[in-house]
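Architecture at a glance
Residue-level listing of the chains:
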Amino acid sequence: MASKKYDLVIKGGRVIDPALGFGKDADLFIKDGKIVKIEKETATTRKDLKSLDENQVVDASGKIVVPGLVDIHVHLREPGREGAETVETGCQAAAAGGFTSICCMPNTSPCIDNQETVKFVQDRATNALARVFVVGAITKELAGKELAEIGDLVKAGAVAVSDDGYYLQNPDIMRRALQYTRMFDIPLMQHAEDRFLCDGGVMNESFQSSRLGLEGSPAVGEEIAVLRDIALCRITGARLHIQHVSARGAVEAIRKAKAEGINVTAEVTPHHMTLTDVEIGKTFDTNLRVNPPIRTESDREAVIEGLVDGTIDCIASDHAPHPEEVKDCEFDKAAPGMIGLETSLGLVKTFLIDKGFLSWADAVRKMSYNPARILNLEGGTLTEGSIADITIIDPDKKWTVRREKFRSRSRNSPFVGWRLSGQVYRTVLGGRVVFEQ
Ligand code: DOR
């Protein structure tokens with residue numbers, strides 16, 4: 001039997017792809033995992049559609065069709081903490097959240113500071129519901145003392161390096177790390193919190209931390225860390241990426257550096273854009289404990305301003321799964337982190353698009369195109385010939401975040417019970433539907 005001309009057609013949706021410069025009604029034709037044609041309905045496309053089986057056509061009328069979302073900051077916990085998440089469950093959560101590509105952080109056990117562990121994670125991801133890109137460690141055991149074999153990590157397929165969870169405090173080692181990453185043309189992703197100022201803090205240092213009697217971690221600790229790294233980036237010419245920016249001073253430092261032409265990019269999490277430290281005193285919900293901490297209203301406004309004016313390039317979830325036993329305790333004893341893959345899109349729609357800060361095209365740029373470019377990943381666009389990683393969104397669908405619905409193995413989200421707008425309808429990975437609402 002002759003093979004079909006197309007494997008899948010997504011029909012009748014509004015296609016939004018900032019790389020193509022359009023938001024228009026069009027059908028997407030997919031063959032062998034690639035997008036082969038984007039066309040507004042014509043007599044020929046109608047004929048093409050007729051030759052397909054029902055299950056090869058996705059009716060996307062009333063929906064928006066965007067390049068598969070890309071989350072460059074995810075913790076998959078494998079190897080070592082499979083009770084919290086595995087590559088498989090993390091990718092299920094990704095698919096349910098509309099993400100087709102995710103980058104996983106190296107703070108596993110053992111940590112990803114060698115080729116074997118990179119390969120182990122890649123292996124686990126072979127048949128997963130999302131593409132997994134590995135971020136290797138900057139320093140051995142994330143200890144900040146000795147550089148990891150960055151060349152080996154890159155050879156094994158690491159797309160960047162980071163000691164996420166820890167700031168690389170030693171400026172000499174940081175300078176050398178930047179020189180290496182420049183040689184391999186990969187970004188260095190930095191968790192920017194000066195350890196002398198921030199270690200021991202369990203929430204933002206502010207009026208709220210004094211009121212609650214909890215140890216504070218000051219915003220200036222983030223600002224100083226960012227300023228130092230920008231100075232090192234200036235002299236090395238490396239690509240520096242600042243992870244989870246949360247403080248006004250850090251946003252301002254990155255804005256100035258970009259104006260100077262320094263090669264720095266930045267991400268913000270949905271939680272730093274939607275929550276402030278005032279929430280902690282209301283519930284003591286340990287899911288509000290994260291590093292860096294959720295901060296003041298002024299900081300929250302600053303990260304949104306940064307996102308809007310292009311200072312912050314992308315949105316990344318810092319999906320950090322933790323089991324109940326390390327969260328069901330006093331606030332200051334809880335492990336830092338919250339899951340984010342399955343709530344990211346709804347929070348962006350509800351708090352950024354609906355409030356007029358971003359258009360859908362801007363949001364797609366921040367959640368797909370830009371993160372893919374920062375890490376040199378395939379995807380982030382629907383141009384003909386590109387991989388068929390596609391997210392179909394029901395743009396105004398209201399839904400409530402439910403604990404029992406999470407695909408992630410962990411449930412540590414402070415957003416449970418929140419009513420959001422904008423829901424994933426289908427996720428398509430390499431031309432295959434991997435998630436259906
Ligand atoms: O809150 C956080 N949790 N911040 C990090 O940087 C690490 C993460 C984790 O691994 O749990």
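Whatever comes next refers back to the structure up there.
All of the points below concern the structure found in this document. Given the structure is predicted, the values throughout are model-derived calculations rather than measurements. (Residues numbered from 1 in each chain as written. Predicted model: local features only at pLDDT ≥ 70, side-chain atom pairs only at ≥ 80, totals over all residues. Heavy atoms only, no water.)

**Comments concerning the sheet that holds strand 10 (residues 188-190)**
Adjacent strands of a sheet form backbone hydrogen bonds with each other and so pair up, either parallel or antiparallel. We count it as follows: Two strands qualify as a pair provided that DSSP identifies no fewer than 2 bridges between them. What counts as a helix is a DSSP run of H or I of at least four residues, what counts as a strand is a run of E of at least two, and both are numbered from the N terminus. In this analysis, two residues are considered to be in contact whenever any of their non-hydrogen atoms come within 4.5 Å of each other. Whenever a helix is involved, its axis is fitted only over the stretch in contact; in every case the axis is a line through C-alpha atoms, and angles between N-to-C directions fall within 0 to 180 degrees.
Taken in spatial order, the eight strands of this open sheet run 6-7-8-9-10-13-14-15, and their pairing is parallel. Whereas interior strands pair on both sides, the edge strands pair on one side only; in this sheet they are strand 6 (69-74) and strand 15 (314-315). Sheet topology places strand 8 (residues 131-136) next to strand 9 (residues 160-162); two bridges connect them, and they run parallel. Paired with V135 across the two strands is A160, which belongs to strand 9. Set on the sheet, helix 2 (residues 87-96) makes contact with strand 7 (99-104) and strand 8; between it and strand 7 the angle comes to about 135°.

**Structural notes on the packing of aromatic side chains**
Put simply, the rule is: In summary, the pairing rule links any two rings of Phe, Tyr or Trp, Trp by its six-membered ring, whose centres are within 6.5 Å, and it sorts them by plane angle into stacked for under 30 degrees, edge-to-face for over 60 and tilted for everything else. Classification of residues uses two cut-offs on accessible area relative to the type maximum, computed with a 1.4 Å probe and protein chains only: under 20% is buried, over 50% is exposed, and between them is partly exposed. Either the NZ atom of lysine or the CZ atom of arginine qualifies as a charge over a ring when it sits within 6 Å of the ring centre and within 35 degrees of the ring normal.
In the structure shown here, the tally under the stated rule is three aromatic pairs. An angle of 55° between the planes, with centres 4.8 Å apart, marks the rings of Y6 and F29 as tilted. Linking Y6 in the segment before strand 1 (8-17) with F29 in strand 2 (residues 22-31), this pair joins segments that are 23 residues apart in sequence. By the burial criterion, Y6 is buried, and F29 matches it. Each member of the aromatic cluster is reached from another via a ring pair, and the members are F351, F415 and W418. One Lys or Arg, K63, reaches over the ring of Y425 and ends 4.4 Å from the middle of that ring. The ring of Y425 has R426 lying over it, and the distance from NZ or CZ to the ring centre is 4.2 Å.

**Describing the site of the ligand**
Where we set the bar: Residues are labelled near a given molecule or strand when at least one of their non-hydrogen atoms is within 4 Å of it. Contacts described as polar in this section are N or O atom pairs within 3.5 Å, which, within protein, must combine one atom able to donate a hydrogen with one able to accept it, while residues neighboring in sequence count only if both atoms come from side chains. Put simply, Ala, Val, Leu, Ile, Met, Phe, Trp, Tyr, Cys and Pro go in the nonpolar bin, Asp, Glu, Lys and Arg in the charged bin, and everything else, Gly too, in the polar bin.
Taken together, 14 residues surround the ligand, and among them R77, N107, H191, N291 and H322 come closest. Residue R77 places a side-chain N or O atom 2.7 Å away from an oxygen atom belonging to the ligand. Between the ligand and H322, the relevant distance is 2.9 Å, taken from an oxygen atom to a side-chain nitrogen or oxygen of the residue. Considered class by class, the residues forming the shell around the ligand number three nonpolar, eight polar and three charged.

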